[in-house]
Structures are given as structure tokens and as C-alpha cells.
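Results of the structural survey
Here's the letter readout for the chains.
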Amino acid sequence: SSRCSAKAVVGLSSPECSAPPHLPAAMVVCTLVAGDDVSALKIKVAAKAAGVDLKLERPKGGACVPELHIGGRVVRYTNAVIRCIGRIFEGSDIYGSTFIENAQVDSWLDWTEMEFGSSEPPNGEAAVEKLATHLESRTYLVGQRYTLADVSLSCSLAQLKLSLPPAVQRWLNTCTAHESFKAVGGAAPKGGKASASASSGAAPAAVASSSSSAAAPAAALDDASLTAKYSTAVGGRVQIKKILEAGEALVGRKIRVCGWVRTMRDQKQVMFLELTDGSGPGGLQVVLDPAVPGYESLKNGCGTGASVMCYGVLVKSPAAKQPVELLLKDPDHEVQLFGSVDSSDYPMAKGKHSMEFLRSIGHLRPRATIIGSVARVRNALAHATHEFFRERDFIYVHTPLITAADCEGAGEMFQVTTLMADAEKDGGRLPMTADKKVDYSKDFFCKPSYLTVSGQLSVENYCCALSNVYTFGPTFRAENSHTSRHLAEFWMIEPELAFADIQDDMQCAEDYLKYCVRYAMKHNRADLEFFDKQVEQGLIVRLENLLAEPFQRLTYTEAIEVLIKESPKAKFKVAVEWGMDLGSEHERYLAEKIYKKPTILYNYPKDIKAFYMRLNDDGKTVAAMDILCPGIGELVGGSQREERLEMLDRRIAEMGMNTEELWWYRDLRQYGSVPHAGFGVGFERLVMLCTGVQNIRDVIPFPRYAGHAQF
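Conventions used here
- Residues numbered from 1 in each chain as written.
- Predicted model: local features only at pLDDT ≥ 70, side-chain atom pairs only at ≥ 80, totals over all residues.
- Heavy atoms only, no water.
- Helix = DSSP H or I, 4+ residues; strand = E, 2+ residues; numbered from the N terminus.
- Buried < 20%, exposed > 50% of the residue type's maximum accessible area, 1.4 Å probe, protein only.
- Contact = heavy atoms within 4.5 Å.
- Areas by Shrake-Rupley, 256 points an atom, 1.4 Å probe, with all protein chains shown as cover.
- Core = buried A, V, L, I, M, F, W, Y, C linked by side-chain atoms within 4.5 Å.
- Axes fitted to C-alpha atoms, helices over the stretch in contact; angles between N-to-C directions.
- Parallel < 35°, antiparallel > 145°, perpendicular 65-115°, else oblique.
- Nonpolar A, V, L, I, M, F, W, Y, C, P; charged D, E, K, R; others polar.
- Arc of directions from axis to C-beta.
- Phe/Tyr/Trp six-rings, centres within 6.5 Å; stacked < 30°, edge-to-face > 60°.
- Lys NZ or Arg CZ within 6 Å of the ring centre and 35° of its normal.
- Pairing = 2+ DSSP bridges.
- Patch = residues over 30% accessible without salt bridge, like charges linked within 9 Å, V, L, I, M, F, W, Y side chains within 5 Å.
- Salt bridge = Lys/Arg side-chain N within 4 Å of Asp/Glu carboxyl O.

1. With respect to the overall build of the protein
Of the regular secondary structure elements, the protein holds 23 helices and 22 strands. Every one of the 711 residues in the protein was classed for burial, and the buried ones make up 50%. Partitioning the contacts of the protein with sequence separation of at least 6, the portion at a separation of at least 24 is 68%. Split by element, the accessible area of the protein, about 33,000 Å² in all, is 52% carbon and sulfur.

Printed below as a string of C-alpha cells:
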């Protein structure tokens, strides 16, 4: 028949993997529709990605839709066949790694068929724009892996003449560079309909954009790309992270590495060093022959913590721990000891140290694997923060650290004054007013001044002129707390959105958190795998679940009703009632026990919130919101700001604050006031969310808390 092309026999590609009971290990027959190269391509790529072999045969009859024959069972139509292939091996992630991802893959398969099911999709451009929004900060459509959703949609778009936005083109290049797509011989990502060779099984040539993606790994292995910038002093070093990532592809190459010794074993005829250089959590084993130049210098002082340079050849490792090791044995190889260490008094000699001990040696604790991984994740999240807001046209504003305004109204602020130093010079006498109060007119700023607890009030000034803005910097609170959740000095991310309400605010906060988590999973996978193994088992699954679906949203009143209902079972230490400020036990119960995902509460009682939050029509609540996360509790706090001057004045008066000190803040409501909203994210708590580290003192380089300001 001219309308029917071929049928395929599908067999299990891995003999050690048996099919599930409902799928016997017999051959599976699939009939493909003639002329519909997209269906054939999708099924073949899906089969390759799922580890299923396809054997093509001529059909006996004139079947016009794809068919999958499994024993006496027949599955028809493209999406149904793809779904069935994706389930042949139960352990495969090609259908998603959780039931939530399974459902998302199903939705994408249906959406692809609906939007791009024809050769000339009527709403193709609009669909591509929606796709671009979804892919703006994603590598794949669902989760962190290549799935059947990517297979189906990439095969459809590769056949169409559509102008693709950068985000979609990047994603498409990634998909068409995937080994399953290349093995089948998919069509070019751009440039029109597939050639006739696609239906016959021949591989058409790929366009340059796809080819360059596929060639990128090889290009990255040249000396110029491998060598770390600004390392001419040592002859050009290679980061250990790059060596471990490239693995056996670098075997036979001469490489120079520099770093610190994690472990050393001297076996007389050979010496083994494990080196780290801070580029990743993994170390590189170095094997040294006694004849190598510089070997003798290692005999004294080359214990844990010593710094060395090693130049040798990369070889395949006989051990299973890592694929390669650096061998130093030839006359042109060398080792150089930069800084020796006496292991007998080195505080971080080999062994596992408690987090409390590491805090006592803050100058050395970055050498601990866990602290190094925290630093890299923290760095990535800072990059993600700026990239998220830059991509959305927010303007970065530097707000002052010294202020005369108490943003939270709590009074727990560090005072900034020169009066004490002046008084010491003047016999201990402080300048006093007639009513025996400190005369701050004689102080440096001529008024009481403090270290800021928030940049929000300041950044609002720029929001009311530049629209969307954000600040990201250190803040301070003089709260004499010794809990694992509080610091005296911490960093805050605080965006402000003009012409926005509480709904916009909640969506921006959710998008930001997901962007940061996704960024860390993409750029710091090795560190997260270390945390998953050593700190919180199941961390990566928890982060994937955070990304998998929308956050739960409910009002404060609804949350109180839920908690009261759960109280007999939960046995809360503090009884639940409307109007209370929820404690950590209540917040975590909602996020961890009830909804099991990040949960947004909004519309809080006005009496427990700040003066600047917009009063709702009920007169009892304000448009405030908090995001509660499993394992963390409150991570984000925000609100729609009160833009009505009369309402703002009423709230200031109710809280006993001085309107004259906030004259400039009130002016924003008097001259061109606009609805606006914003939120604050505790950066250290964000790092805790992504690493599983439980104590906030261990996710900031130099923690400051009551009684501790060392290093």
C-alpha cells in the first residue's frame, strides 16, 4: 500500500533486564503510517531512549496507524505506542521519575499532538511562544531529564518551518544532540520538512546548530579550554572538576594540577595522593613513582592539608572509585611541594569533624568537603538570583546598610554611633539633653541610626520610579537568639514590583524559588549528590518534587481551620487559634504533613504584620503572604504594599510609630502612588533548602550570632 510504509519488531535491548509480567520478552511488532515521518521518527527515538531495539519489517496488510503488538495485545496510535514503549522497563526515567512527572509527560504528549499534529499547524507561532516561556529557565520540558515529552515535541518541531525563539532553539539543539535522536537520524532542527530519507531509515544531514551542539564536548577538551585562566605562574593548571567530568576522554593527556592533599599513602615503592582544588567535591588520585623529580620533597610535610603541584599523564584507573588517575613516573613529569603541613598539629587532619568544631576554626573550615560544597551552591544561587531578575528586566539597586528607619517595627536593631568612642576620650561622659536623654544631635549622623534589618523601604523609592527593582545584600538583627535558624548578620533578596498585587507577588516568588533550585541542580549536580548522600538522603527527590507542580496556596484563615482540625493528631505545643502568629511547628506541619510541598499562606491578620502591608476590604487582614517549605519552615515573606496615604497613616498611628520620621515614605503615596508589592527571601535559608544543611551557621562563610564575631 502506498499509504503504509513498514512495521517494526521491538525487542528488549538489555538481556539482563526482563520485561514486566504484562510485557513478555517476545518480539513486539509496530506498524508505522506511510508518509507520516514524524510518527515513525518519534517511535524510533523513543525506543532508543528507552533502551528498546527496533527491527523493521514490511507489513502484511494495509494498516494506516502505528500499531504495537505485544503477544496478543495491540496498541494503536502514535502517543499510545510511545507511552507503551516508555513503560517496557520499569526502572527507566524516560517517562519521568515520579508519578507527578508521569502526568506532566502525558500532558506534553497530548499538547504536542494538539498543537503540532499537522504539517502546517494553524496556531504554531502562538504555541511556540508559550513553549518559550516554559523553557526560559529549563533544560528539559519535565524535571531534570530527557523524557518522552522532549522526544515527541522535538521530533515535531524538527520537521516544521517555524521561527524559534532562543530558548526553544537552545532546547531543540539539546534534544537533537541527544544520542537517541542522533542514532535514529532525525531531521534538522530548522530548515523545513524532512527529506525522503527519513522514511527509509537513512539519516539526513543535520544543520550547523545541531552539529555544533553535538561537537561541543570534543571541542571543550582542547588545551585552551581545559587550562584554568590566570594560572601561568604554575605553567597552566587544569581544574580537577573538569578532569573528573571528562573522564576517560582525557586518558593519555599530560596534565598539570594544583591543590591540597586530602589523603596521602606512602608505600615506599609508590606514593598515593588524593588532591582537591575547590572546583568540586571530588578528589583526584595521583600516583607517584619515587623516581619522579621532586618526589623527595614530599617525604617531610606532605600530609593532609599540604599544597602541591603535580604534572603527569592521565591514565585509566584500575579502581572503581573514579575512572582516571594522574600518573607521575617519567623524567619530564614533576611534583612540587608549595606549602608543607605538620600532620601532628594540623586541626583538619584526616577524619570526620563535627560542624561545631569546624565553626571554631572558621579560617580553615572551607577545606572541609561539606563547607566547600555549601560555598559552591551558595555562589550558584547568588548567580541565579541576579540572572532571574535580569532576565525579567528588574533593576538592581544598592540600598543603604545604615538607616534611621525600623522597617519591621520590632526594635531589634544594632545601633551605629560614635558617641561611645567620643565619650571614652571625654572621661566617659555622654552628651545629654535637658530631660536626661542621650543627645543624638551630637552624634555622627545627628540622629539615632542603625544597621538595617531590610532594604525594602529604601528600594520602594526606586520601584515607584523605575518599576520592577530588587536589592540583594546583608541585613542585621540584634536578636539574642541561639537557634539553628537565626543569625545576627544575614543576606536578603528583596524585589519590588510596580503595578502589581499580592497575586503577582506570590507568582514572582514561586518562579524565583523554582529558578534557583533548577539552576543549582543544573550547575551543581555533584555537590547536590554529595549532600544527598552525606547530609539529607532524598534531597534531590525533594528538590525535584518542589519543581514538579505549583505550590499550594491557601489563606491564613483556611490554614487555621486545617490546623485546628489536625490538632488532636498533631499535638501542637502551642494551641492553634485565629489571630496567632504561627510557630515553626505549625508552618512545617502544613508544608511537610498536610500538603507535602511548598505552601503559600496569604491574607494574614493585620495585628501580626508590619505597618506597610495593604489592608484588605474586611478590615481585619492584610495582603501579606509567606512561603513555607518542607524542612525549612518560612522561607519567603512578602505583601502588597499600602499605596493609600490615609490607610498608611492609620496603620502607622495604630502601631505607635512616628509619621514625621517616615515623611519621605509617605511622600511616595502623595506623589503618583501606584499599587505595588514585594517580598523578602532569606538567602541563607534558601541555601539550606537546596543543600539540606540544618544549621544556618553552616551556610554562611563567617557566621555572626550572639557572643560570636570571630574571623
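Structure's up, so let's keep going.
2. Remarks on the nonpolar core
In this structure, Leu288, Met625 and Leu686 are the most contacted members of the largest nonpolar core, which totals 94 residues. If you tally residues by element for this core, the top one is helix H16 (residues 502-523), at 12 residues. Discounting chain neighbours no more than four positions away, the residues touching leucine 288 are Val270, Met271, Leu273, Tyr295, Leu298, Leu328 and Val335. Listed in part, the 47 residues of the second largest apolar core include Ile43, Leu109, Tyr140 and Phe181.

3. Topic: unusual backbone geometry
A positive phi angle is found at lysine 268, which is not glycine, with a value near 65 degrees. Lysine 268 sits in the exposed class, given a relative accessible area of 70%. Despite not being glycine, cysteine 446 has its phi angle at roughly 65 degrees, a positive value. Structurally, cysteine 446 is set in the loop between helix H14 (419-425) and strand S15 (449-451). In this structure cysteine 446 comes out as exposed when scored by relative accessible area, which is 52%.

4. Section: the packing of helix H4 (residues 124-135) against helix H6 (residues 166-176)
Packed helices, taken two at a time, are described by the angle their axes make and the gap between the axes. The contact between H4 and H6 brings their axes to 8 Å, and the two run at 75 degrees. Here H4 is positioned roughly perpendicular relative to H6, judged by the angle of their axes. Across from Val128, Leu131, Ala132 and Leu135 in H4, the residues of H6 making contact are Ala167, Val168, Arg170 and Trp171. When the residues that make up the contact of H4 with H6 are grouped by side-chain class, the tally is 7 nonpolar, no polar and 1 charged.

5. So, helix H17 (residues 525-534)
Listed as buried for H17 are Asp527, Leu528, Phe530 and Phe531. Angularly, the buried residues of H17 cover 155 degrees about the axis, an arc narrow enough to put them on a single face. Where the residues of H17 are buried, they touch helix H13 (369-391), H16, helix H18 (539-548) and helix H23 (683-691).

6. Some details on the packing of aromatic side chains
If you walk through the whole model with that rule in mind, you get 21 aromatic pairs. Between the aromatic rings of phenylalanine 388 and tyrosine 515, the centroid separation amounts to 5.4 Å while the plane-to-plane angle is 65 degrees, which identifies the pairing as edge-to-face. Of this pair, phenylalanine 388 sits in helix H13 while tyrosine 515 is found in helix H16, placing the two residues 127 residues apart along the sequence. Here phenylalanine 388 and tyrosine 515 have matching classes, each one buried. When the ring of phenylalanine 389 is compared with that of tyrosine 470, the centres are 4.6 Å apart and the planes differ by 20 degrees; the resulting orientation is stacked. Within this pair, whereas phenylalanine 389 is found in helix H13, its partner tyrosine 470 is found in strand S16 (residues 469-476), the two being separated by 81 residues in sequence. Residue classification places phenylalanine 389 among the buried residues on the basis of a relative accessible area of 0%. Grouped by ring-pair contacts, the aromatic residues Phe388, Phe389, Phe394, Tyr396, Tyr470, Tyr512, Tyr515 and Tyr519 constitute a single cluster. One cation-aromatic arrangement involves arginine 256 over tyrosine 311; the distance from NZ or CZ to the ring centre is 4.5 Å. Just above the ring of tyrosine 604 sits the side chain of lysine 609; from NZ or CZ to the centre is 4.3 Å.

7. What to know about the sheet that holds strand S14 (residues 415-416)
Ordered by their spatial adjacency, 3 strands build an open sheet running S13-S15-S14, and the pairing between neighbours is antiparallel. Whereas interior strands pair on both sides, the edge strands pair on one side only; in this sheet they are strand S13 (402-403) and S14. Pairing of S14 with S15, which is carried by 2 bridges, proceeds in the antiparallel orientation. Following the sheet pairing, glutamine 415 is matched in S15 by tyrosine 450.

8. Considerations on the pairing of strand S6 (residues 254-266)
Consecutive residues of a regular strand have side chains that alternate between opposite faces of the sheet. Direction of pairing for S6 relative to strand S9 (residues 307-316): antiparallel, over a ladder of 7 bridges. Residue isoleucine 255 lies in a different strand from S9, and its bridge partner there is glycine 312. With 6 bridges connecting them, S6 and strand S7 (residues 271-276) associate as antiparallel partners. Its bridge partner being in S7, threonine 263 is matched across the sheet by glutamate 274.

9. A closer look at the sheet that holds strand S17 (residues 489-498)
The sheet built from 8 strands is open, its strands ordered S12-S16-S17-S22-S21-S20-S19-S18 with mixed pairing. Each end of this open sheet is capped by a strand with a single partner; those strands are strand S12 (395-396) and strand S18 (552-555). Relative to S16, S12 runs parallel, the two sharing 2 bridges. Bridged to tyrosine 396 within S16 is tyrosine 470. Contacts from H13 reach S12, S16 and S17 within the one sheet, and its direction differs from that of S16 by about 150 degrees.

10. Describing the packing of H18 against H23
For the pair H18 and H23, interaxial distance at closest approach is 8 Å and the crossing angle is 115 degrees. Note on element contacts: H23 touches H18 through Met688, Leu689, Cys690 and Thr691, opposite Leu539, Arg542, Leu543 and Leu546.

11. Notes on H23
With 9 of 9 residues buried, H23 is to be regarded as a mostly interior element. Positive backbone phi, at 80 degrees, marks glycine 692, one or two positions downstream of H23.

12. Remarks on a nonpolar patch on the surface
On the surface, Leu401, Ile402, Phe444 and Phe445 cluster together into a nonpolar patch covering about 370 Å² of accessible area. For phenylalanine 444, the location among the structural elements is in the loop between H14 and S15. Relative accessible area serves as the criterion here: at 59%, phenylalanine 444 is assigned to the exposed category.

13. A short note on the pairing of strand S22 (residues 676-682)
Of all 7 residues in S22, 7 are buried, a share of seventy percent or more. Neither face of S22 is open: one carries His676, Gly678, Gly680 and Gly682, the other Ala677, Phe679 and Val681, and all of them are buried. Judged from the 5 bridges that link them, S17 and S22 form a sheet pairing that is antiparallel. When the sheet's bridge partners are listed, leucine 497 is paired in S22 with alanine 677. Relative to S22, strand S21 (residues 633-640) runs antiparallel, the two being bridged by 5 bridges. Its bridge partner being in S22, valine 636 is matched across the sheet by valine 681.

14. Focus on the pattern of salt bridges
Within this structure, the stated rule accounts for 34 salt bridges. Glutamate 412 serves as the salt-bridge partner of arginine 477, at 3.8 Å between the closest nitrogen and oxygen. Taken together, the residues arginine 477 in the loop between S16 and S17 and glutamate 412 in the loop between S13 and S14 connect sequence positions 65 residues apart. For arginine 542, the salt bridge goes to glutamate 536, with nearest N and O atoms at 2.8 Å.

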